Amino acid sequence: YLKKKYGFSLLFITHDLSIVSELSNTVVTMYAGRVVENSPTRDFFETPRHPYSNGLINAIPRLSMDSSNIYSIPGSPPDMIDIKTGCPFAPRCYRRLDKCNLEMPPLKMVDPQTEPVPAGTQSMNGSEMTDLINLTGLGKAFSQKNSPPITILRDINLTIGKCETLCVLGES
């Protein structure tokens, strides 16, 4: 209501999927400082395209489940100080291809209703909107004493439309 009445947009960064489901129009999933999926909220929850997004949704606890059945994405997040080549999710990915260990898959525009995303590809569902904010090539690194800098964002491109809430989601 307030977005339409006052015409504002919101960029919301969270790890809370319940907030994402209620608040956002679009979900951008990030892993190791990179965008791995960009999709309308309904598509994100109904047909997650990236294995990391799928793992996040599977990890949502449900009241009806036994506590011994709680899902956890196997493995650990990558060391952000010692970044390896390839897709940072590859060591944890059930759809990993050999090329994933060598290069970061590009984002690919897909129609979530008709086109499956092959392994080794990330997805970005396109939609028509009036751009209000357009971020291109955003990056952020933190310096530390006696250590190399830690890069937490790499080449991020985001567009936020008028009266849209974009939620950025990822692992801490």
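Residues numbered from 1 in each chain as written. Predicted model: local features only at pLDDT ≥ 70, side-chain atom pairs only at ≥ 80, totals over all residues. Heavy atoms only, no water.

A few words now on the overall build of the protein. Across its full length, the protein holds 4 helices and 8 strands. The helix and strand sequence of the protein, counted from the amino end, reads α-β-α-β-β-α-α-β-β-β-β-β. Counting all 172 residues of the protein, 37% fall into the buried class. When the accessible area of the protein is evaluated, it comes to approximately 10,400 Å², of which 54% is carbon and sulfur surface. (Helix = DSSP H or I, 4+ residues; strand = E, 2+ residues; numbered from the N terminus. Buried < 20%, exposed > 50% of the residue type's maximum accessible area, 1.4 Å probe, protein only. Areas by Shrake-Rupley, 256 points an atom, 1.4 Å probe, with all protein chains shown as cover.)

This brings us to the packing of aromatic side chains. Going through the model one piece at a time under the given rule, you end up with 4 aromatic pairs. Here lysine 140 stacks its cationic end above the ring of phenylalanine 142, 5.0 Å away from the centre of that ring. (Phe/Tyr/Trp six-rings, centres within 6.5 Å; stacked < 30°, edge-to-face > 60°. Lys NZ or Arg CZ within 6 Å of the ring centre and 35° of its normal.)

Here we take up the pairing of strand β3 (residues 34-40). Of all the 7 residues making up β3, 5 are buried; the element is thus mostly covered by neighbouring parts of the structure. Strand direction decides the pairing type here: strand β2 (residues 26-31) and β3, joined by 6 bridges, are antiparallel. Among the inter-strand pairings, methionine 30 is bridged to a residue of β3, identified as valine 35. Between β2 and β3, which pair antiparallel and follow one another directly, the connecting turn spans 2 residues, one of which, alanine 32, has a positive phi of 50°. (Pairing = 2+ DSSP bridges.)

You can see serine 24 is positioned in the loop between α2 (17-23) and β2. Side-chain polar atoms of serine 24 contact the backbone oxygen of valine 20, separated by 2.8 Å. Aside from chain neighbours lying at most four places away, what touches serine 24 is Ile19, Thr41, Thr165 and Cys167. (Polar contact = N/O pair within 3.5 Å; in protein donor to acceptor, adjacent residues only side chain to side chain. Contact = heavy atoms within 4.5 Å.)

What follows is about the pattern of salt bridges. Using the criterion set out here, one finds 2 salt bridges in the structure. Residues glutamate 46 and arginine 42 are paired through a salt bridge, measuring 3.2 Å at the closest nitrogen-oxygen approach. Here glutamate 46 pairs with arginine 42, and both are found in helix α3 (residues 41-46), just 4 residues apart, close to one helical turn. When its relative accessible area of 60% is taken as the criterion, arginine 42 is described as exposed. Lysine 84 is the salt-bridge partner of aspartate 82, the closest N and O atoms lying 2.7 Å from each other. According to the relative accessible area criterion, lysine 84 is exposed, its value standing at 60%. (Salt bridge = Lys/Arg side-chain N within 4 Å of Asp/Glu carboxyl O.)

On to the nonpolar core, then. Grouped together as the largest cluster of nonpolar side chains are 20 residues, with contacts concentrated most on Tyr31, Phe44, Tyr52, Leu56, Phe89 and Leu169. Examining the composition of this core, we find that 3 residues originate from one element, helix α4 (residues 51-58), more than from any other. (Core = buried A, V, L, I, M, F, W, Y, C linked by side-chain atoms within 4.5 Å.)

Another point: the confidence of the model for the protein. Scored by pLDDT, the protein has a mean of 80; 84% of the residues are at 70 or more. Here residues 125-129 is modelled with pLDDT under 50, and outside its nearest four sequence neighbours on either side it reaches 11 contacts, counting other chains as well. (pLDDT = per-residue confidence, 0-100.)

Mapped onto the secondary structure, aspartate 79 falls in the loop between α4 and β4 (107-109). Take aspartate 79: its relative accessible area is 45%, and that puts it in the partly exposed class. Sequence spacing of aspartate 79 and alanine 32 is 47 residues, and the spatial spacing of their C-alpha atoms is 8.8 Å.

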